[in-house]
Amino acid sequence: MIIIHSVEKLNGYLTEIRKEGKTVGFAPTMGALHQGHVSLITAAKKQCDIVVCSIFVNPTQFNDLSDLEKYPRTIDADCVILRSAGCDILFAPEVSEIYTAHELELKQQHMEDKSWTMGKTVDFGLLDKVMEGAHRPGHFNGVAQVVSKLFRIVQPVKAFFGQKDFQQLSVIRSMVKQLDLPIEIIACPIVRETDGLAMSSRNRRLSAEERDEVKLIYQTLSIVKENYQLATIADLKKLVEVAFKLSALIKLDYFEIVDSETLQPIAAFDTSRSAVACIAVQLQTVRLIDNVIMY
Ligand code: PAF
């Protein structure tokens, strides 16, 4: 695996690869890699000739500076994981390779920078207003901003994202469509620990007691999925609320059953349109999200 830090060097390298007629697959990450990320690399390897993974802790998608500072940075361990997963190129740029001082200043002033749309009108409608969008203002603009920049740099034919960040996937798909980028977005299934906890870089920040308790998240989602034909949405929401009220360590931020395409809460089950149950919980210092596709 080659490790590249500069956009210029990556451009030069990828230009040669494209000249050879090889296809490039891309898995953007923020590092602190786990088996969930490995599944993205594995899928990319199956579908593309060359796999590029980026590790970039994106400052513009954090609402809270302390969250950005606390984000785990484990580049040496990440390289070991990427090498054994068969990644070809790791792109690990400095912040100054990706953002201008002006863009960072806008973020500091909590102003949304829209220059990443390259003059096009990009409107996510309600996709970025609900769930994570409602709890983390500006987060999805920051995600779209960095992913569009990385897409322009790497120019992959396919890009691979985990389904755990279901709303992020929807926003990225919408962005690609509206910017008319020739990139296929591939959603990779959630990878779970043996007790069902969705793999996440944030899990390593849980205390032993919290780690034990958070299995409740997937247990609850599984009960919801198993019982949807027997209960109303209101009943299932109540059930989830009660389950988390009984937990001393986990606070439920939201639980929603939404249409998989629009992300709007559904009023009743209708199997002619796919629905997904999404959850976010807060522990003492860690926020976790998860989801299950109902049907
Ligand atoms: O899912 C992530 O790790 C990040 O949001 C992404 C897509 C790499 C953008 O910074």
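Along each chain, residues carry numbers from 1 onward, in the same order as the chain's sequence is written. Where totals are concerned, whole chains, interfaces and linings use all residues; where local detail is concerned, this predicted model gives features only for residues with pLDDT of at least 70, and gives and counts side-chain atom pairs only at 80 or more. Side-chain metrics in this entry use all non-hydrogen atoms of the structure; hydrogen atoms and water are not considered.

**A few points about the overall build of the protein chain**
Working step 1: Helix and strand counts for the protein chain stand at twelve helices and nine strands.
Working step 2: Relative accessibility decides the category of a residue: with a 1.4 Å probe and only protein chains considered, values under 20% of the type maximum give buried, values over 50% give exposed, and everything between is partly exposed. Buried residues in the protein chain amount to 52% of all 295 residues.
Working step 3: The contact definition used throughout considers only heavy atoms, calling two residues in contact when any of these lie within 4.5 Å. Partitioning the contacts of the protein chain with sequence separation of at least 6, the portion at a separation of at least 24 is 74%.
Working step 4: We get accessible surface area from the Shrake-Rupley algorithm with a probe of 1.4 Å; when it comes to residues, only the shown protein chains can shield them. Accessible surface, the protein chain: about 14000 Å² in total, of which carbon and sulfur atoms supply 54%.
Working step 5: Counting rule applied: Lys, Arg positive; Asp, Glu negative; His and chain ends not counted. Here the site of a charge means atom NZ of a Lys, CZ of an Arg, CG of an Asp or CD of a Glu. Across the protein chain, 33 positive and 37 negative side-chain charges occur, with their mean positions spaced 2 Å apart. Helical segments are the DSSP runs of H or I of at least four residues, strand segments are the runs of E of at least two, and each set is numbered from the N terminus.

**Here's the deal with the site of the ligand**
Working step 1: Lining the immediate environment of the ligand, one finds Pro-28, Thr-29, Met-30, Asn-58, Gln-61, Val-146, Val-147, Phe-161 and Gln-168.
Working step 2: Polar contact is defined as a pair of N or O atoms within 3.5 Å, subject to the rule that within protein one atom must be able to donate a hydrogen and the other to accept it, and that residues adjacent in sequence are counted only when both atoms are side-chain atoms. Here Gln-61 contributes a side-chain N or O atom positioned 2.6 Å from an oxygen atom of the ligand.
Working step 3: One nitrogen or oxygen atom from the side chain of Gln-168 is found 2.7 Å from an oxygen atom belonging to the ligand.
Working step 4: Protein burial of the ligand: of its 290 Å² of free accessible surface, 89% is covered by the chains.
Working step 5: Among the secondary structure elements, those contributing two or more residues to the shell around the ligand are β2 (24–29) and α8 (139–154).
Working step 6: Only Asp, Glu, Lys and Arg are considered charged, only Ala, Val, Leu, Ile, Met, Phe, Trp, Tyr, Cys and Pro nonpolar, and every remaining residue, Gly among them, polar. Its residues assigned to classes, the shell around the ligand comprises five nonpolar, four polar and no charged. When at least one non-hydrogen atom of a residue lies within 4 Å of a molecule or strand, that residue is treated as near it.

**Overview of the packing of aromatic side chains**
Working step 1: The pairing test for Phe, Tyr and Trp rings, Trp by its six-membered ring, is centres within 6.5 Å, and the orientation test on the planes gives stacked under 30 degrees, edge-to-face over 60, and tilted for anything in between. Taken as a whole and assessed by the stated rule, the structure comprises eight aromatic pairs.
Working step 2: With a centroid separation of 6.2 Å and 40 degrees between ring planes, the pair formed by Phe-56 and Tyr-99 is classed as tilted. A residue pair is termed long-range when its members are at least 10 positions apart, and Phe-56 in the loop between β3 (50–55) and α3 (65–70) and Tyr-99 in the loop between α5 (95–98) and α6 (101–108) qualify at 43 residues.
Working step 3: By relative accessible area, which is 5% here, Phe-56 ends up buried.

**Some thoughts on the sheet that holds β2**
Strands pair in a sheet through their backbones, by hydrogen bonds, and they do so in one of two ways: parallel or antiparallel.
Working step 1: Sheet architecture is open: six strands sit in the order β1-β4-β3-β2-β5-β6, paired in parallel fashion. Looking at which strands have only one partner, the edges of the open sheet turn out to be β1 (2–4) and β6 (184–188). Strand-to-strand twist in this sheet, taken as the mean axis angle between neighbours without regard to direction, amounts to 25 degrees.
Working step 2: Strands are treated as partners if at least two bridges between them are detected by DSSP. Pairing analysis gives six bridges linking β2 to β3, with the strands arranged parallel. Pairing of Pro-28 across the sheet is with Ser-54, part of β3.
Working step 3: Note on geometry: axes are lines fitted to C-alpha atoms, helical ones only across the stretch in contact, with angles between N-to-C directions running from 0 to 180 degrees. With respect to the sheet, helix α1 (residues 7–19) is in contact with β1, β2, β3 and β4 (89–91), its orientation differing from that of β4 by roughly 150 degrees.

**So, the pattern of salt bridges**
Working step 1: One speaks of a salt bridge when a side-chain nitrogen belonging to Lys or Arg is within 4 Å of a carboxyl oxygen belonging to Asp or Glu. For the coordinates displayed, the defined rule picks out 19 salt bridges.
Working step 2: The shortest N-O distance in the salt bridge between Arg-211 and Asp-195 comes to 3.0 Å. With Arg-211 in helix α10 (residues 208–213) and Asp-195 in the loop between β6 and α10, this residue pair connects regions lying 16 residues apart in the sequence.
Working step 3: We classify Asp-195 as partly exposed; its relative accessible area is 29%.
Working step 4: A cluster of three or more residues bridged by salt bridges with shared partners is formed by Glu-132, Arg-136, Lys-251, Asp-253 and Arg-287.

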